[in-house]
Amino acid sequence: FGFYFQIPQNKQKGTQKKEVSSGSGFVVDPNGYIITNRHVVEDTQAEYTVLLNDGSKHKATVVSRDPSEDFALVKIDATGLKPLKLGTADNLELGQTAIAIGNALGEFQNTVSVGVISGLHRSVQALDDNGNIATLNDVIQTDAAINPGNSGGPLLNLNGEVIGVNVAIVRSAQNIGFAIPINTAKPIIDELINKGHVTYPYLGVGVLDKQTAAQAGYKLNVDAGVIVMQLELGSPADQAGIRQRDLILKIDGKDTNTVADLRS
């Protein structure tokens with residue numbers, strides 16, 4: 001009976017960098033600050049490179065990844081850049097023209113697609129390529145073609161003003177894409193640039209409205225407000241005297257009939 005030992009040998013002849021993902025972004029400050037989606041730069045072990053419209057390449061540093069909203073701030077060593085003008089999403093109307101620009105499929109830079117605003121104040125469950133689920137609240141729906149690689153790019157109005165940040169698509173549908181309203185991004189951008197992080201108010205409650213309760217199999221006999229299902233001990237809500245099964249009807253005089261209302 002013959003036998004032999006096989007000894008595995010690992011031979012490394014050097015390393016090679018490989019592009020593993022791509023996305024979009026846009027300049028928001030002349031000193032090299034660029035906004036994109038958090039999920040575009042989520043890998044903390046990766047190195048990131050920004051390709052500007054003039055063809056130049058710049059090593060990018062991720063300044064901050066927003067833990068709550070799907071935003072990230074990237075910095076490149078450049079000055080004198082021309083930022084996009086930030087508009088507002090307050091006065092958007094259904095049927096209004098919307099323009100999306102981005103790095104479609106990671107291959108076609110500066111791809112422009114045109115459509116309309118298809119819906120407002122949507123709440124959707126988004127699933128990324130790693131299987132992570134995130135809830136996107138109060139997003140803009142558009143039929144302007146948004147493809148993989150467009151994430152983090154701007155959604156513009158006819159004045160060239162940013163009204164949203166492209167964030168997600170419905171893969172099983174045609175031309176159903178979503179963008180985070182620029183109004184949500186503005187204070188975040190300011191804090192990220194000035195402080196390097198974002199400060200959020202929080203209550204410390206888990207709530208359900210009538211619609212989400214029905215989807216979860218609960219029946220709530222309420223016509224307004226959101227009901228407190230969970231309460232974090234020691235949280236601001238706990239200290240203020242809020243208790244489980246309380247009904248929150250308004251915050252600062254504004255109706256809170258949905259989870260999105262409470263969040264905003």
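All of these numbers come straight from a predicted model, not from anything done at the bench.

Cut-offs applied
- Residues numbered from 1 in each chain as written.
- Predicted model: local features only at pLDDT ≥ 70, side-chain atom pairs only at ≥ 80, totals over all residues.
- Heavy atoms only, no water.
- Helix = DSSP H or I, 4+ residues; strand = E, 2+ residues; numbered from the N terminus.
- Buried < 20%, exposed > 50% of the residue type's maximum accessible area, 1.4 Å probe, protein only.
- Contact = heavy atoms within 4.5 Å.
- Areas by Shrake-Rupley, 256 points an atom, 1.4 Å probe, with all protein chains shown as cover.
- 1 Å grid on protein atoms, 1.4 Å probe; cavity = no way out; pocket = protein on both sides within 12 Å on 5 of 7 lines; lining within 4 Å.
- Points joined across faces, edges and corners; volume = space filled by probe spheres on them.
- Expected span 1.5 Å × (residues − 1).
- Pairing = 2+ DSSP bridges.
- Axes fitted to C-alpha atoms, helices over the stretch in contact; angles between N-to-C directions.
- Polar contact = N/O pair within 3.5 Å; in protein donor to acceptor, adjacent residues only side chain to side chain.

Novice: How would you explain the overall build of the protein if you had to name every residue and give the values?
Specialist: Secondary structure summary: the protein contains four helices and 16 strands in total. Expressed as a percentage of the 264 residues in the protein, the buried residues total 39%. Within the protein, contacts between residues separated by at least 24 positions form 54% of all contacts whose residues are at least 6 apart in sequence. Summed over all atoms, the accessible surface of the protein reaches about 16,700 Å², with 49% contributed by carbon and sulfur.

Novice: Kindly report on unusual backbone geometry, identifying the contributing residues and their values.
Specialist: Backbone geometry at His 121 places phi at a positive 60°, although glycine is not the residue there. With respect to the helices, strands and loops of the structure, His 121 is situated in strand S7 (residues 108-127). Using a relative accessible area of 63% as the deciding quantity, one classes His 121 as exposed. Here the phi dihedral of Arg 245 falls at roughly 75°; this positive angle occurs in a residue that is not glycine. By secondary structure assignment, the location of Arg 245 is in the loop between helix H3 (236-239) and strand S14 (247-248).

Novice: Can you explain the layout of surface pockets? Please cite residues and give values.
Specialist: By volume, the second largest pocket is sized at about 1,900 Å³. For the second largest pocket, the lining is made up of 49 residues, of which Val 259, Ala 260, Leu 262, Arg 263 and Ser 264 are closest to its centre. Those elements that place two or more of their residues in the lining of the second largest pocket are S7, strand S8 (133-142), strand S11 (177-181), helix H1 (182-195), strand S12 (205-208), helix H2 (210-215), strand S16 (254-255) and helix H4 (259-263). A total of six residues in the lining of the second largest pocket trace back to one element, the largest contributor, which is S7.

Novice: Outline H1, listing residues and values.
Specialist: For H1, which comprises 14 residues, the first-to-last C-alpha distance of 19 Å matches the rise-based estimate of 20 Å (1.5 Å per residue) to within 8%. Of the positions making up H1, those classed as buried are Ile 182, Ala 185, Ile 188, Ile 189, Glu 191 and Leu 192. Remark: Gly 196 follows H1 within two positions and exhibits a positive phi of approximately 85°.

Novice: Help me get a handle on the sheet that holds S14, residues and values and all.
Specialist: By way of backbone hydrogen bonds, the strands of a sheet pair with one another, either parallel or antiparallel. If you walk across this open sheet you meet the three strands as S12-S13-S14, and the pairing is antiparallel. In this open sheet, the two strands that pair with only one neighbour each are S12 and S14. Relative to S14, strand S13 (residues 226-231) runs antiparallel, the two being bridged by two bridges. Pairing of Val 226 across the sheet is with Ile 248, part of S14.

Novice: Lay out the sheet that holds strand S3 (residues 48-51) in plain terms, naming residues and giving numbers.
Specialist: With respect to topology, five strands assemble into an open sheet ordered S1-S2-S5-S4-S3, the strand pairing being antiparallel. Two strands bound the open sheet, and with one partner strand each, they are strand S1 (26-29) and S3. Strand after strand, the sheet turns through a mean of 45° between neighbouring axes, direction not considered. Taken together, the five bridges between strand S4 (residues 57-65) and strand S5 (residues 72-76) define a ladder with antiparallel strand orientation.

Novice: Residue-level account of the side chain of Ser 113, with values.
Specialist: Within the secondary structure, Ser 113 sits in strand S7. Here Ala 145 takes part through its backbone oxygen, which lies 2.6 Å from a polar atom of the side chain of Ser 113. Contacts of Ser 113, omitting those with residues within four sequence positions, involve Ala 98, Ile 99, Ala 100, Ala 144 and Ala 145.

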